[in-house]
Amino acid sequence: MLEESSGLKCGSDFNVAYSPERINPGDKQHRVETIQKVVAAQDERTLDVVAEVYGSVVTAGVYRATNTKTAEAAKVIENRQRGSPVGPRYLGGLFERFVCPRPAGFPL
């Protein structure tokens, strides 16, 4: 869509990165800079750039997700946990089946 409307080529004229919004509106204790930022990008170079930019602002650190689906899954899990507690094993199984495989070292 971006390529069609702009005439530019992804990967040479522009790059794509993604970071889901993970703040809890109204929470004065957990602010943007104090919540670890999850980032993903189309390639390692773009991931390095976006991680460096967020790292200069976010004191809690930056987590480099392997892909955008994994980054979005982190947000979905957090939002779901706020609404009603769901076991991590259940969510892990759901994401493994429908979204992405569990990362190496995933504890459950």
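Residues numbered from 1 in each chain as written. Predicted model: local features only at pLDDT ≥ 70, side-chain atom pairs only at ≥ 80, totals over all residues. Heavy atoms only, no water.

A.B. asks: Help me understand the sheet that holds strand β3 (residues 62-64), please; the structure alone is not making it clear to me.
C.D. replies: Consider a sheet: its strands pair through backbone hydrogen bonds, and that pairing is either parallel or antiparallel. The three strands are arranged β1-β2-β3 in an open sheet whose pairing can be described as mixed. In this open sheet, the two edge strands, each paired with only one partner strand, are β1 (17-18) and β3. Bridge analysis of strand β2 (residues 37-41) against β3 gives three bridges, and the strand direction is parallel. In the strand pairing of β3, V38 is matched with Y63. Lying on the sheet, helix α2 (residues 44-55) is in contact with β1, β2 and β3; it crosses β2 at an angle near 155°. (Pairing = 2+ DSSP bridges. Helix = DSSP H or I, 4+ residues; strand = E, 2+ residues; numbered from the N terminus. Contact = heavy atoms within 4.5 Å. Axes fitted to C-alpha atoms, helices over the stretch in contact; angles between N-to-C directions.)

A.B. asks: How should the confidence of the model for the protein be read in this particular structure?
C.D. replies: Detailed reading of the predicted model is not advised wherever pLDDT is low. Of the residues in the protein, 72% have a pLDDT of 70 or more, and the chain-wide mean is 82. Averaged pLDDT values for the elements of the protein fall to 64 in helix α4 (residues 88-98) and rise to 96 in α2. (pLDDT = per-residue confidence, 0-100.)

A.B. asks: What's the story with the pattern of salt bridges in this structure? I'm lost.
C.D. replies: What the rule picks out here adds up to three salt bridges. A salt bridge links R31 to E33; the shortest N-O distance between them is 2.7 Å. The salt bridge involving R64 is made with D48; its shortest N-O contact spans 2.6 Å. Within this pair, whereas R64 is found in strand β3, its partner D48 is found in helix α2, the two being separated by 16 residues in sequence. On the accessibility criterion, R64 (41% relative accessible area) is partly exposed. Note on D48: relative accessible area 37%, which makes it partly exposed. (Salt bridge = Lys/Arg side-chain N within 4 Å of Asp/Glu carboxyl O. Buried < 20%, exposed > 50% of the residue type's maximum accessible area, 1.4 Å probe, protein only.)

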